[in-house]
Amino acid sequence: MSFFSVDNLSINFGGIKAVDGVTFDVDKGEVFTIIGPNGAGKTTIFNLVSRIYQPTGGKLVFDGTDITNVPPHRIAALGIARTFQNIELFTNSTVLTNLLLGADIQRRTNVLQELLFLPGARRQEIEVRERVEEVIQFLQLQRYRDTLILGLPYGVRKVVELARALSLSPRIVLLDEPSSGLNDQETELMTRWIARIRSELGITVVMVEHNMALVSAIADRVVVMNVGTVLSQGTPAQIQSDPAVIRAYLG
């Protein structure tokens, strides 16, 4: 059984089929990439997995559990984290605060325990802060730890958003165009982070990406979408030599 499965997934917006019968499987520990031209439905799939949208048809299965109708607030608690194409951080808060807010989803204490700061709440607070500090160290963000997001360059903000996703202790992370807006040096660094997330943290990665150099460097398998449907699937080398993919996307 695959770790994450998208089965005949569809969604309509009025008369438009944004995603039309998409099917693919992701293995545990894999870097799986979704590519395709603008408007192909790539980010829409992430929004369906995150439960921002409700599918018109099909099924989503994560680690043997059908999550098609799981409420949005439960998705992160299951171990599914994501980043966004447009950075979604609290700009007037520090890097540390943003990461603590991300990690907070895994809290197991109730309101009374938190208000009275009972031993269970204290232990959990220590666990959360230790996890966040580990992420800061892993992504080498120590120098920015107490800096407001507003004062950070764009490339660093992209890494902070990745750090916030990792602070949730996910088992799978969805990265929506992680190299978007980055220069060549920043893209190379992001490529290394993604590779280390898989190899050192054991987290499964599903990403939407346009940069084929990044895709070729770290992706195990690729699914190519076009106008809401799957055009091709295979390794990066296979899809780059597929005539249908070349006509529709790679040019």
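Residues numbered from 1 in each chain as written. Predicted model: local features only at pLDDT ≥ 70, side-chain atom pairs only at ≥ 80, totals over all residues. Heavy atoms only, no water.

Please set out empty space enclosed by the protein residue by residue, giving values where relevant.
Take a probe with the size of a water molecule and roll it over the atoms, and the empty space left behind shows itself. Applying the stated rule across the entire model yields one cavity of 30 Å³ or more. What the largest cavity holds in volume is close to 60 Å³. Lining the largest cavity, in full, are T83, F84, K158, E161, L162, L175, D176, P178 and M190. Here the lining of the largest cavity gets three residues from one element, more than from any other, and that element is helix α6 (residues 154–167). The class makeup of the residues in the lining of the largest cavity is five nonpolar, one polar and three charged. (1 Å grid on protein atoms, 1.4 Å probe; cavity = no way out; pocket = protein on both sides within 12 Å on 5 of 7 lines; lining within 4 Å. Points joined across faces, edges and corners; volume = space filled by probe spheres on them. Helix = DSSP H or I, 4+ residues; strand = E, 2+ residues; numbered from the N terminus. Nonpolar A, V, L, I, M, F, W, Y, C, P; charged D, E, K, R; others polar.)

Report on the packing of α6 against helix α7 (residues 184–199), specifying residues and quantitative values.
Contact pair α6 / α7: the axes reach a minimum separation of 11 Å and the direction vectors enclose 10°. Classified by the angle their axes make, α6 and α7 are roughly parallel. Residue-level contacts link G155, K158, V159, L162 and L166 of α6 to E186, M190, W193 and I197 of α7. (Axes fitted to C-alpha atoms, helices over the stretch in contact; angles between N-to-C directions. Parallel < 35°, antiparallel > 145°, perpendicular 65-115°, else oblique. Contact = heavy atoms within 4.5 Å.)

For the pairing of strand β10 (residues 229–234), give the residues involved together with the corresponding values.
Every regular strand shows the same layout, with side chains that alternate between the two sheet faces. In this structure, strand β9 (residues 221–226) lies alongside β10, joined through five bridges in antiparallel fashion. Paired with M225 across the bridge in β10 is V230. If you look at the hairpin formed by β9 and β10, you'll find two residues sitting between the two strands, and V227 has a positive phi there, around 55°. (Pairing = 2+ DSSP bridges.)

Talk me through the side chain of E30; I want residue IDs and the actual numbers.
By the secondary structure assignment, E30 is in the loop between β2 (16–26) and β3 (31–35). Within the local environment of E30, its side chain forms a polar contact with the backbone nitrogen of D27, the two atoms lying 2.8 Å apart. Not counting residues within four places of it along the chain, the set of residues in contact with E30 comprises D25, R198, T204, V205, D220 and R221. (Polar contact = N/O pair within 3.5 Å; in protein donor to acceptor, adjacent residues only side chain to side chain.)

Before we move on, could you go through the sheet that holds strand β8 (residues 204–208) and cite the residues and values that matter?
Here we have six strands laid out as an open sheet, ordered β6-β7-β8-β3-β9-β10, and mixed in their pairing. Only two strands of the sheet have a single neighbouring strand rather than two, namely β6 (80–82) and β10. Pairwise comparison of adjacent strand axes, ignoring direction, gives a mean angle of 20° for this sheet. As paired strands, strand β7 (residues 172–176) and β8 are joined by five bridges and run parallel to one another.

Residues and numbers for α7, please.
Given a rise of 1.5 Å per residue, 16 residues ought to cover 22 Å, and the 23 Å separating the end C-alpha atoms of α7 matches this to within 8%. Among all positions of α7, only T187, M190, T191, W193, I194 and I197 are buried. Down the axis of α7, the buried set is contained in an arc of 165°. They therefore lie on one face. Facing away from the buried side of α7 by more than 90 degrees, the exposed set consists of D184, Q185 and S199. The backbone nitrogen of Q185 has a side-chain oxygen 3.1 Å away, supplied by the residue at the start of α7, namely N183. (Expected span 1.5 Å × (residues − 1). Buried < 20%, exposed > 50% of the residue type's maximum accessible area, 1.4 Å probe, protein only. Arc of directions from axis to C-beta.)

Give me the sheet that holds β2: which residues, what numbers.
The strands making up a sheet are joined through hydrogen bonds of the backbone, oriented either antiparallel or parallel. Strand order in the open sheet made by the four strands is β2-β1-β4-β5, with antiparallel pairing throughout. With partners counted over all chains shown, the strands left at the sheet margins are β2 and β5 (65–66), one partner each. In terms of strand pairing, strand β1 (residues 4–13) meets strand β4 (residues 57–62) through five bridges, oriented antiparallel. In the strand pairing of β4, V6 is matched with L60.

Which residues make up the packing of aromatic side chains, and what values go with them?
Applying the stated criterion across every chain, the model contains four aromatic pairs. The interplanar angle of 20° and the centroid separation of 5.0 Å between the aromatic rings of F24 and F32 together place this pair among those described as stacked. In this structure, R196 packs its charged tip against the face of F138, placed 4.3 Å from the ring centre. (Phe/Tyr/Trp six-rings, centres within 6.5 Å; stacked < 30°, edge-to-face > 60°. Lys NZ or Arg CZ within 6 Å of the ring centre and 35° of its normal.)

Explain the nonpolar core to me, and be specific about the residues and the numbers.
If you look at the biggest cluster of nonpolar residues, it comprises 38 residues, and the most contacted ones within it are L99, L139, L141, V160, V205 and M207. Sorting the residues of this core by element identifies α3 (95–103), α5 (119–138), α6, β7, α7, β8 and α8 (212–218) as the ones contributing at least two each. In this structure, L99 is in contact with V132, V135, I136, V160, A163, R164 and S167, ignoring residues within four places of it in sequence. Judged by nonpolar contacts, the second largest core, of 29 residues, contains F4, L9, L48 and I67. (Core = buried A, V, L, I, M, F, W, Y, C linked by side-chain atoms within 4.5 Å.)

Describe the layout of surface pockets, naming the residues involved and giving the relevant values.
Its volume calculated, the largest pocket comes out at about 410 Å³. If you go around the largest pocket, you meet 19 residues; those closest to its centre are A76, A81, R82, F84 and L168. Looking at the lining of the largest pocket, the elements that each hand over two or more residues are α2 (72–75), β6, α3 and α6. The calculated volume of the second largest pocket comes to roughly 260 Å³.

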